[in-house]
Structure formats: structure tokens, C-alpha cells
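Coordinate inspection notes
As a plain string of letters, each chain reads:
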Amino acid sequence: MAVFYNFRFARRSNFAGSNSKKYVDMKKLEIFTRKWQFFALLLLAQCLLVPFASRNFSWQDISAIVYTTLGRSFQMSLGHWNILFQALSLLFILLLLLFRNRFARVFHIYVSVSYLSFTFLQNLAVTEQYGFSMVTVNVLMFLLVSFVWIGECFRSTCRYSFVNLRWRYGWMIVLSVFAYLLPFTWDGTLDWNPVHFFYKNSSTSFCLMTPLFLTLMTLNLPQVSIVTYRITALIGVVMGVYNMGSFLNPHTVFLGILHIPLLSISLYATILSYQKKYVKYPLAELIGT
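Residues numbered from 1 in each chain as written. Predicted model: local features only at pLDDT ≥ 70, side-chain atom pairs only at ≥ 80, totals over all residues. Heavy atoms only, no water.

Some remarks on the overall build of the protein chain
Scanning the protein chain for helices and strands turns up 12 helices and 3 strands. Expressed as a percentage of contacts within the protein chain between residues at least 6 apart in sequence, the contacts between residues at least 24 apart total 76%. Per element, the accessible surface of the protein chain, about 15,300 Å² overall, is 71% carbon and sulfur. (Helix = DSSP H or I, 4+ residues; strand = E, 2+ residues; numbered from the N terminus. Contact = heavy atoms within 4.5 Å. Areas by Shrake-Rupley, 256 points an atom, 1.4 Å probe, with all protein chains shown as cover.)

This is the structure:
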């Protein structure tokens, strides 16, 4: 019996030891995201990471390169593939709501792949004017978000029991669903036809899916990885602020409206992520159970 007990104890100790390193690393990352250096790096990235263009690059045309890259990104040429991506996104969300924590790891894989897809589908383009072009700062920010979500696939620190489902978060649900449904045509006309949802591209858009992912995490506070929650929200705030510029052009006001969920939900989630009552490291996070 003593030998058997020691074997079990040793096996559990080795398991806890390997996961405690992940715990320590994530705690260091959580602490770093509370320091001024982190915000300084984030701000410097916006100023120093200029877009890339393999042809006709000019410092005076930086804004035009960004606009052209985003407007003609690979996402815009998905065509009928949007039907598949929209259907898959809806399926994964429904399965999470149905099976909850039993579906957590699969959901994390889906979110990780989604953010990797956002990175390359939305921020890369090939055009006659600029050749191959890339919005560099977006690529790095999106990769940071995908990095923390990929970590969730291995740590499984999020628990989807929806213990935090309360009326005060109702506005988040409404706004995130609004962004996800994308009830506009490309000329800004309202379109609430549910069938048309499958022909849109919200499921391959960082700005339209992030409000939904953050809302799902908010409804499960404090049983989520605060690092993943915070970094996703912070990058969401940055992208939301950028897109508020859409209100300056009368032809793109509808795009500004579509990004109100991203900015408001990301800002609120960022504030929540810095509240002490949510910055916890339960035993489950330490030993990986």
C-alpha cells in the first residue's frame, strides 16, 4: 500500500510541477500587463510598426496602404466560403451554450484558429498598386491575442458554467449579437434577413467576433483566465478606437456603428480585468485540473 501511495503521490507531484511552470509564466504575464511598460510598448507599436508594401511604398501613403490592404484583404475574396465559416461559428457557439464546460477545449481551439485566421485574412492583401501589403501592427496585435488563446487550449483554466449570467450584462449580449449578425449591407442599408447572415463575413472579422468572445467570458467571471480576458479586451479597445474614425465619413457611418460593440464591450471588459476580485489563481489553475 505504501509503494502504491508513493507512486500516486509522485505521479501527481510531477504533473503539478509541470503545470505550475505554466501557472508561474501566466502570472508573470498578468503582472506585466499591469505595468506601464506594457502600455508603453503597445503605444510605441502603433507609432513605429508601419505597414509593409512590396511595391510603391511611400511614407506619405501609409494611410492609403492601410486603407487599401484592409479594403482588399484576403477576407474580401472568400466568396461562398463565408457560408461555411458563418455556419461553423454558429455551431460552435451553440455547442458551447449546450455542453458548457464539456466543450471548453474544443471551443478554445476554435477561438485560437479564429484569431489566427483574422490575423492573415484581414491584414494581408495583394493589389496592383502596392503588390503584397500588410498592416504590420494589426498582425502583431492579433498574433498576441491568438497566443494567449492557444495557451488556453493546453491550460484549460476557463470554466464555462455561466455562473455570472446577470441582468446587468444584458447590454453586452445585445451589442455582441448585433455585431455578430452584421445587419448591414455593404452600402450601409439595414438588412435583418436571417438567411443573409450566412452570406456575410462576421465570423472572419476580429472586430465583430471579439465582442461575442468577451461577452461569453464575462458571463463566466471569475472562472476564466484573466490574462486571456485582459489581452483580448485591450487589443479590442485599440481596434475599436481606430474604427471610430468611420464616423468622420458619411459613407462609412454604418461601419462606426458596427464597431460600437467592440469598443464599449472591450473597454468594459478591460476595466473588469483589472479589478482585484477577478485577479485570482485558483488551485485548478495551478495543477491543471
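So, the pairing of strand β2 (residues 124-127)
Bridging between β2 and strand β3 (residues 131-134) involves 4 bridges; their strand directions are antiparallel. In the sheet register, Leu124 faces β3, and the bridge partner there is Met134. In textbook terms, the turn of a hairpin is the stretch between consecutive antiparallel strands, and for β2 and β3 this stretch comprises 3 residues. (Pairing = 2+ DSSP bridges.)

Let's talk about helix α7 (residues 170-181)
Its 12 residues place the ends of α7 17 Å apart at the C-alpha level, agreeing with the 16 Å of an ideal helix rising 1.5 Å per residue. Taken together, the buried positions of α7 are occupied by Met172, Ser176, Phe178, Ala179 and Tyr180. On its buried face, α7 is in contact with α4 (81-99), α8 (206-218), α10 (253-258) and α11 (260-273). Backbone geometry just downstream of α7 places Leu182 in the positive-phi region, at approximately 50 degrees. (Expected span 1.5 Å × (residues − 1). Buried < 20%, exposed > 50% of the residue type's maximum accessible area, 1.4 Å probe, protein only.)

Here we look at the sheet that holds β3
Strand order in this open sheet of 3 strands is β1-β3-β2, and the pairing throughout is antiparallel. Every other strand in the sheet has two partners, leaving β1 (52-53) and β2 as the edge strands with one partner each. Bridge count between β1 and β3: 2 bridges; the pairing is antiparallel. Directly across from Phe52, in β3, lies its bridge partner Met134.

Looking at the confidence of the model for the protein chain
Overall, the predicted model of the protein chain reaches an average pLDDT of 88, with 87% of residues at or above 70. Here residues 1-20 is modelled with pLDDT under 50, and outside its nearest four sequence neighbours on either side it reaches 9 contacts, counting other chains as well. When the criterion is pLDDT under 50, residues 281-289 qualifies, and its contacts beyond four places in sequence or with other chains add up to 20 contacts. (pLDDT = per-residue confidence, 0-100.)

Details of the nonpolar core
Counting 50 residues, the largest nonpolar core has Phe107, Phe206 and Tyr229 as its most contacted members. Elements with a minimum of two residues in this core: α2 (36-48), α4, α5 (104-122), α6 (136-155), α7, α8, α9 (226-243) and α11. In this structure, Ala179, Leu182, Phe254 and Leu258 belong to the second largest nonpolar core, which totals 7 residues. (Core = buried A, V, L, I, M, F, W, Y, C linked by side-chain atoms within 4.5 Å.)

Observations regarding the environment of Val148
With respect to the secondary-structure elements, Val148 resides in helix α6. A sequence separation of 119 residues divides Val148 from Leu29, and the C-alpha atoms of the two residues are 9.9 Å apart. Non-local contacts of Val148, meaning those with residues more than four positions away in its chain, are made with Leu29, Arg155, Val227, Thr228 and Ile231.

Thoughts on the packing of α8 against α9
Interhelical geometry of α8 versus α9 gives an angle of 145 degrees and a closest axis separation of 10 Å. As for the relative orientation of α8 and α9, their crossing is left-handed in sense. Along its contact with α8, which presents Phe206, Cys207, Thr210, Leu214, Met217 and Thr218, the element α9 presents Thr228, Tyr229, Thr232, Ala233, Ile235, Gly236, Met239 and Asn243. Its residues assigned to classes, the contact of α8 with α9 comprises 8 nonpolar, 6 polar and no charged. (Axes fitted to C-alpha atoms, helices over the stretch in contact; angles between N-to-C directions. Left-handed = near helix turned anticlockwise from the far one by under 90°. Nonpolar A, V, L, I, M, F, W, Y, C, P; charged D, E, K, R; others polar.)

Let's talk about the packing of aromatic side chains
Counted by the stated rule, this structure contains 24 aromatic pairs. Here the aromatic rings of Phe92 and Tyr110 are separated by 4.6 Å at their centres, their planes lie at 15 degrees, and the arrangement is stacked. With a gap of 18 residues between them, Phe92 in helix α4 and Tyr110 in helix α5 connect regions that are remote in the sequence. Of the two residues, Phe92 and Tyr110, neither departs from the other in class, the shared state being buried. Taken together, the ring pairs connect Phe92, Phe103, Phe107, Tyr110, Tyr115, Phe118, Phe142, Trp149, Tyr160, Phe206 and Phe213 into an aromatic cluster. The ring of Tyr274 has Arg230 lying over it, and the distance from NZ or CZ to the ring centre is 4.0 Å. (Phe/Tyr/Trp six-rings, centres within 6.5 Å; stacked < 30°, edge-to-face > 60°. Lys NZ or Arg CZ within 6 Å of the ring centre and 35° of its normal.)

Comments concerning the environment of Thr215
Relative to the assigned elements, Thr215 resides in helix α8. The class for Thr215 is buried, based on a relative accessible area of 3%. With 42 residues separating them in the primary sequence, Thr215 and Ile173 have C-alpha atoms 6.5 Å apart. Beyond its immediate sequence surroundings of up to four residues, Thr215 is in contact with Met172, Ile173, Ser176 and Ile265.

A look at unusual backbone geometry
In this model, Leu221 is joined to Pro222 through a cis peptide bond whose omega is 0 degrees. Position of Pro222 among the secondary structure elements: in the loop between α8 and α9. Notably, Phe162 is not glycine yet its phi reads approximately 55 degrees, a positive angle. Considering the arrangement of structural elements, one finds Phe162 in the loop between α6 and α7. Within the chain, Leu182 stands out as a residue other than glycine whose phi angle is a positive 50 degrees.

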